[in-house]
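Below are the chains, spelled out letter by letter.
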Amino acid sequence: KLLSIDADGGMPKINDLFIAPFTTSQSNTPGALAFTDELFSFHSDNLPNIDFTLSVENARLENLNSIGNPLFLLKPRANSAYVLDNQITLGTNSKPLRGTVRLLTNFTSSDRNVQNEVELSLEMFGVEVFASIMAKIHEFRFLGFSLKAFTDPYCWLAMIHVPDSSAAVTAALNEFQMIIGDLDL
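Figured I'd write up the structure that's included with this text. Remember, predicted model here, so these are calculated numbers, not experimental data. (Residues numbered from 1 in each chain as written. Predicted model: local features only at pLDDT ≥ 70, side-chain atom pairs only at ≥ 80, totals over all residues. Heavy atoms only, no water.)

Some remarks on the packing of aromatic side chains
How we decide: By convention, a stacked pair of Phe, Tyr or Trp rings (six-membered ring in the case of Trp) has centres within 6.5 Å and planes under 30 degrees apart, an edge-to-face pair has planes over 60 apart, and any other such pair is tilted. Helix numbers and strand numbers start at the N terminus; a helix is a DSSP run of H or I with at least 4 residues, a strand a run of E with at least 2. Sitting over a ring, as applied to charges here, requires NZ of Lys or CZ of Arg to be within 6 Å of the ring centre and within 35 degrees of the ring normal.
One pass over the structure, following the stated rule, counts four aromatic pairs. The interplanar angle of 5° and the centroid separation of 6.3 Å between the aromatic rings of F18 and F22 together place this pair among those described as stacked. Taken as a pair, F18 and F22 lie in helix α1 (residues 14-27) at a separation of four residues, close to a single helical turn. Each ring, one from F145 and one from W156, has its centre 4.8 Å from the other, and the planes form 55°; the classification is tilted. Of this pair, F145 sits in the loop between α2 (139-143) and α3 (153-158) while W156 sits in helix α3; the two residues are eleven residues apart in sequence, bridging distant segments of the chain. Above the face of the F72 ring, K75 is positioned so that its terminal group lies 4.8 Å from the ring centre. The cationic tip of K136 hangs over the ring face of Y82; the distance from NZ or CZ to the ring centre is 5.1 Å.

Observations regarding the nonpolar core
Spelled out, the test is: The definition of a nonpolar core used throughout is a set of buried Ala, Val, Leu, Ile, Met, Phe, Trp, Tyr and Cys residues joined through side-chain atoms within 4.5 Å. Think of it in three bands: with a 1.4 Å probe and only protein chains considered, a residue is buried below 20% of the maximum accessible area for its type, exposed above 50%, and partly exposed in between.
In terms of nonpolar packing, the biggest core is built from eleven residues, these being I14, I19, L33, L64, I67, L71, L90, L97, M124, V127 and V129. Sorting elements by how many residues they give to this core places strand β6 (residues 113-135) first, with three residues.

A short note on the side chain of S66
We apply this condition: Identification of polar contacts relies on pairs of N or O atoms within 3.5 Å, with a donor-acceptor requirement for protein atoms, meaning one able to donate a hydrogen and the other able to accept it, and with residues adjacent in sequence counted only if both atoms are side-chain atoms. The criterion used for residue contact is that any of the two residues' heavy atoms lie within 4.5 Å.
In this fold, S66 is placed in the loop between β2 (50-62) and β3 (68-76). With a relative accessible area of 0%, S66 lands in the buried category. One polar contact links the side chain of S66 to the main-chain carbonyl oxygen of N63, over a distance of 2.6 Å. Other than its neighbours up to four places away in sequence, S66 contacts M11, N15, T89, L90, G91, T92 and K95.

Purely geometric stuff here, so don't read any function into it on its own.
Here's what the structure looks like:
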């Protein structure tokens with residue numbers, strides 16, 4: 001149902017049924033995630049007579065509800081029992097995937113203090129992401145999987161088989177590709 005096409009807008013229903021409610025609960029805006037805290041900070045006083053600070057804050061992702069086709073999730077690969085292919089397209093229908101952050105710099109010396117604040121914005125149209133994952137799961141846990149736990153990532157992780165030795169691989173990202181149709185900075 002999530003991957004089917006909405007008859008009114010021609011977009012996959014995942015945008016309205018999953019992405020919009022999830023993002024609205026986090027940022028009060030459908031399709032947007034907002035991180036108002038400081039994400040990264042670097043301070044150096046090792047430079048001769050200069051104190052330097054760089055910080056990144058107020059990150060925002062917008063138009064996450066612009067998912068279009070091609071779209072498939074957890075599609076079994078015909079020639080491998082453990083590999084699932086996933087493909088998602090974002091930034092469709094005149095709604096670019098947009099990311100913004102605020103960059104703050106501060107240079108202080110004995111006679112000067114220079115502060116700068118810059119907002120960086122990146123818009124991407126036609127972003128296609130393909131990820132192939134390998135996961136060996138417990139059959140018994142999968143067959144008893146509750147639909148109430150569908151959105152809980154910890155329940156999904158609990159199904160992954162715990163290896164008998166440290167050499168055994170039970171989960172891996174086999175392949176990852178990302179294609180960006182158009183990029184504006």
